[in-house]
Amino acid sequence: MGEFLEQFFIFVGVLVCLVYLVKCVKFAKCIFLHFWKVLPRSFAQSMGQWAVITGAGDGIGKAYSFELAKRGLNIVLISRTLEKLQAIATEIEQTTGSSVKIIQADFTKDDIYEYIKENLKGLEIGILVNNVGMLPNLLPSYFLNAPDEIQSLIHCNMTSVIKMTQLILKHMESRGKGLILNISSGAALFPCPLYSLYSASKAFVRTFSKALQAEYKAKGIIIQVLTPYAISTSMTKYLNPNMITKTANEFVKESMNYITAGDENCGCLAHEILVTYNFLLSWNNEDRCAASPSRLN
Ligand SMILES: NC(=O)c1ccc[n+]([C@@H]2O[C@H](COP(=O)([O-])OP(=O)(O)OC[C@H]3O[C@@H](n4cnc5c(N)ncnc54)[C@H](OP(=O)(O)O)[C@@H]3O)[C@@H](O)[C@H]2O)c1
């Protein structure tokens, strides 16, 4: 019995070491890719002629639109405000020479996908960035006190990812290549009290994305989920950028280095360090919550 227990504890010890080792290797890979940019700039263009970006009128989506246009792709911009989209389209066309197509759509609705499909017809889409998302309460708030936008949030944060992927993945599969970037959030990594619905919707995106990558990897399709912490955009009321809080442009530029770094990353080294730190801290925390309401009050 004593010998069995000894073997058992050695086995558990080895397992724990393995988990930490995998984390360390993943972290080391991010550091490597941060300093040695191994991905050629032409990689994005090699996926196909067009990139489709949801929530492209501002913040992270707008930054991806410019970055991918600079890398030689034509861009499809999708969001609600036509004037913002027209201004971005003109600027992209003038500064990069890429073509831009605009689709005005509201992702809080679920009857927009036939219209989007019609507008995407005939385009060779190499990249899809599922970026659109909403955060109903920037300040921490109990579920019952938060604005009642449940159905809108589900459509905007979750349905949009599933339906846009369904529309575009089909064509990627038949071409045997493509890249899908799903913008989740650091709030997906642990249950986040006082942001429960947002955190859960982003956890959905993370799980869906990772499962889908396992299904389609062998078919030549890269599906990656990004889980950043704070980025200075209108969603975060333009928090002051610093070493941790990136601007949308900084974040997007850096995230492009990690496209081939596996099915999930934070998109920037600073946030990857925070996640690794949180992981080490939470190892003994049985409920693995980002914070408890009593601590946030
Ligand atoms: N900012 C952060 O700190 C942070 C951190 C982690 C993850 N994220 C995630 O990153 C993504 C982008 O965030 P962001 O900070 O860039 O947001 P943002 O600055 O608020 O921009 C959101 C964009 O989406 C569009 N949009 C919003 N609701 C829409 C709807 N119902 N239908 C169509 N378009 C809509 C907005 O344009 P219109 O209003 O003109 O439609 C805007 O172009 C989100 O999924 C967010 O959850 C953000």
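Let us look at the structure shown here. Just so you know, these numbers come straight off a predicted model, no measurement behind them.

Turning to the sheet that holds strand 1 (residues 50–54), a few remarks are in order. Spatially, 3-2-1-4-5-6-9 is the arrangement adopted by the seven strands of the open sheet, whose pairing is parallel. A strand with exactly one partner marks an edge of an open sheet, and here the two such strands are strand 3 (100–104) and strand 9 (264–265). Direction of pairing for strand 4 (residues 125–130) relative to strand 5 (residues 178–183): parallel, over a ladder of four bridges. Bridge pairing links I127 to L179 in strand 5. Contacts from helix 6 (residues 150–175) reach strand 1, strand 2 (74–79), strand 4, strand 5 and strand 6 (221–226), with the element oriented near 160 degrees to strand 4.

Here the focus is the nonpolar core. Membership of the largest hydrophobic core comes to 35 residues, with the highest contact counts inside it found for Y64, L68, I75, L77 and I127. Broken down by element, the residue count for this core peaks at six residues, all from helix 3 (residues 59–70). If sequence neighbours within four positions are ignored, Y64 has contacts with I53, V129, L181, I183, L226, F251, V252, S255 and M256. Counting residues in each nonpolar core, the second largest holds 27 residues, with I103, A105, C156 and L169 among its members.

Thresholds, definitions, all that
Residues numbered from 1 in each chain as written. Predicted model: local features only at pLDDT ≥ 70, side-chain atom pairs only at ≥ 80, totals over all residues. Heavy atoms only, no water. Pairing = 2+ DSSP bridges. Helix = DSSP H or I, 4+ residues; strand = E, 2+ residues; numbered from the N terminus. Contact = heavy atoms within 4.5 Å. Axes fitted to C-alpha atoms, helices over the stretch in contact; angles between N-to-C directions. Core = buried A, V, L, I, M, F, W, Y, C linked by side-chain atoms within 4.5 Å. Buried < 20%, exposed > 50% of the residue type's maximum accessible area, 1.4 Å probe, protein only.

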